[in-house]
Amino acid sequence: MRIYAVCVYVFLYTPIAIIALFSFSAGRSASQLEGFSVQWYGRALNNPFVMDALGNSLFVAFVSATLASVLGTLAAVGLQGIRGPARALFDALIYIAVMIPGIVIGIATLIALVTVFGVVNPWLEAFWPGSAPAPTLRMGMGSLIAAHTMFTLALVIIIVRARLAGLEGALTEASADLYATPLGTFRQITLPLIAPAILAGFLLSFTFSFDDFIIAFFVAGSETTLPIYIFSSIRRGITPEVNAIGTMVMGASLIMLVVAQLILRRGQKR
């Protein structure tokens, strides 16, 4: 069994290790190691297109992860009080949202947004006051944030609900016996106990949003995120600069995933 596990990890992480190794090549070939150099990291960090795409990815990931954490926490707390068939229905919907392929979410979000824009934009143009042109809803940063929030919301709900299920009900009952309001109980007892799960959900949501390409490809409009830039660069030809960008993205993602797992484990021990 241990040998099988080792083989699985080798199969998963060998391509990542190869990309990281070739990112230090001194030559221009992305598939040959010609000397050792960190020049491609410098070129990537000094490339204005890369930095613009990185800034867009960080902004979208932070805003969508924040919204998903807030909305997901509220939803998880609200779902704790539901029992019976309604609970089973909501559970099924949440898990289905996690299981749906990204390309399906991307296409569905694109169709939904185009439909909404087609209905709202004529109304804005007809009833917009003054002589100034009415604003037009279109694909861009807002649609990216909305799609990524929807994509990561179910993940936060699952993580926070798992933490809520492990809490002792006697704590909230004791709080009610001491005449604490529901809001006071949530703020002073529930929220501090589920804070590690919320933070872990935020980090995972940030990572998923930052790394996402499929959904962003459909709803980004004229905006460019880092995964979209990498895809465009690969179509023009692979260079060690692409390897360097990929290595930095993978390194940051792995660090955030490890931190999220450590926070979850520490919260469960408490």
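Just so you know, these numbers come straight off a predicted model, no measurement behind them.

S.K.: It is not clear to me how the layout of surface pockets should be interpreted in this structure. Could you clarify?
M.R.: Any space left empty among the atoms is revealed by the rolling of a water-sized probe across them. By volume, the largest pocket amounts to about 410 Å³. Lining the largest pocket we find 19 residues, and of these I19, I230, G246, V249 and M250 sit closest to its centre. Elements represented by at least two residues in the lining of the largest pocket include exactly α1 (2-22), α8 (182-211), α10 (226-236) and α11 (240-269). Looking at the lining of the largest pocket element by element, the count peaks at eight residues for α11. Taken together, the residues of the lining of the largest pocket sort by class into 15 nonpolar, three polar and one charged.

S.K.: Please clarify how the packing of helix α3 (residues 48-80) against α10 should be interpreted in this entry.
M.R.: Packed helix pairs are specified by the crossing angle of their axes together with the interaxial distance, meaning the distance between the axes. Across the interface, α3 lies against α10 with an axial gap of 7 Å and an inter-helix angle of 145°. Contacts between α3 and α10 involve F49, V50, A53, L54 and S57 on the former and, on the latter, L226, P227 and Y229. For the contact of α3 with α10, a count of residues per class yields seven nonpolar, one polar and no charged.

S.K.: Please clarify how empty space enclosed by the protein should be interpreted in this entry.
M.R.: Across all of its chains, the model carries one cavity of 30 Å³ or more by this definition. Each pocket or cavity is described by its volume, and for the largest cavity that value is around 30 Å³. Lining the largest cavity we find S57, V60, H148, S209, F210, D212, A216 and T225. Within the residue set of the lining of the largest cavity, elements represented by two or more residues are α3 and α8. In terms of residue class, the lining of the largest cavity is built from three nonpolar, four polar and one charged.

S.K.: Even after reading the chapter, I still don't get the pattern of salt bridges, so can you show me in this structure?
M.R.: In the structure shown here, the tally under the stated rule is two salt bridges. Across the pair D91 and R87 runs a salt bridge, and its minimum N-O distance is 3.6 Å. Of this pair, D91 and R87 both sit in helix α4 (residues 85-99), separated by four residues, roughly a single helical turn. For R87, a relative accessible area of 19% corresponds to the buried category. Among the salt bridges present, the one from D91 reaches R161, with a minimum N-O distance of 2.4 Å. One end of the pair, D91, is in helix α4; the other, R161, is in helix α6 (residues 141-165), and 70 residues separate them in sequence. Look at R161 and you get buried, because its relative accessible area is 12%.

S.K.: What am I meant to see in the environment of I19 here?
M.R.: Along the chain, I19 turns up in helix α1. Assessed through its relative accessible area of 31%, I19 is described here as partly exposed. When the C-alpha atoms of I19 and I96 are compared, they prove to be 33 Å apart, with 77 residues separating the residues in sequence. For I19, the residues in contact, after removing those within four places along its chain, are N243, T247 and M250.

S.K.: Please clarify how the packing of aromatic side chains should be interpreted in this entry.
M.R.: When we look at a pair of aromatic rings, we describe it by the centre distance and by the angle of the planes. As enumerated under the stated definition, the model contains ten aromatic pairs in all. Ring centres of F206 and F210 lie 6.2 Å apart, and the angle between their planes is 5°; on these two criteria the pair is classed as stacked. Of the two residues, F206 and F210 are both situated in helix α8; the distance of four residues between them amounts to about one turn of the helix. You can call F206 buried: its relative accessible area is 12%. With a centroid separation of 5.4 Å and an interplanar angle of 40°, the aromatic rings of F213 and F217 are classed as tilted. The rings of F62, F202, F206 and F210 are connected pair by pair, giving a single aromatic cluster. We note R43 situated over the ring of W40; from NZ or CZ to the ring centre the distance is 4.6 Å.

What counts as what
Residues numbered from 1 in each chain as written. Predicted model: local features only at pLDDT ≥ 70, side-chain atom pairs only at ≥ 80, totals over all residues. Heavy atoms only, no water. 1 Å grid on protein atoms, 1.4 Å probe; cavity = no way out; pocket = protein on both sides within 12 Å on 5 of 7 lines; lining within 4 Å. Points joined across faces, edges and corners; volume = space filled by probe spheres on them. Helix = DSSP H or I, 4+ residues; strand = E, 2+ residues; numbered from the N terminus. Nonpolar A, V, L, I, M, F, W, Y, C, P; charged D, E, K, R; others polar. Axes fitted to C-alpha atoms, helices over the stretch in contact; angles between N-to-C directions. Contact = heavy atoms within 4.5 Å. Salt bridge = Lys/Arg side-chain N within 4 Å of Asp/Glu carboxyl O. Buried < 20%, exposed > 50% of the residue type's maximum accessible area, 1.4 Å probe, protein only. Phe/Tyr/Trp six-rings, centres within 6.5 Å; stacked < 30°, edge-to-face > 60°. Lys NZ or Arg CZ within 6 Å of the ring centre and 35° of its normal.

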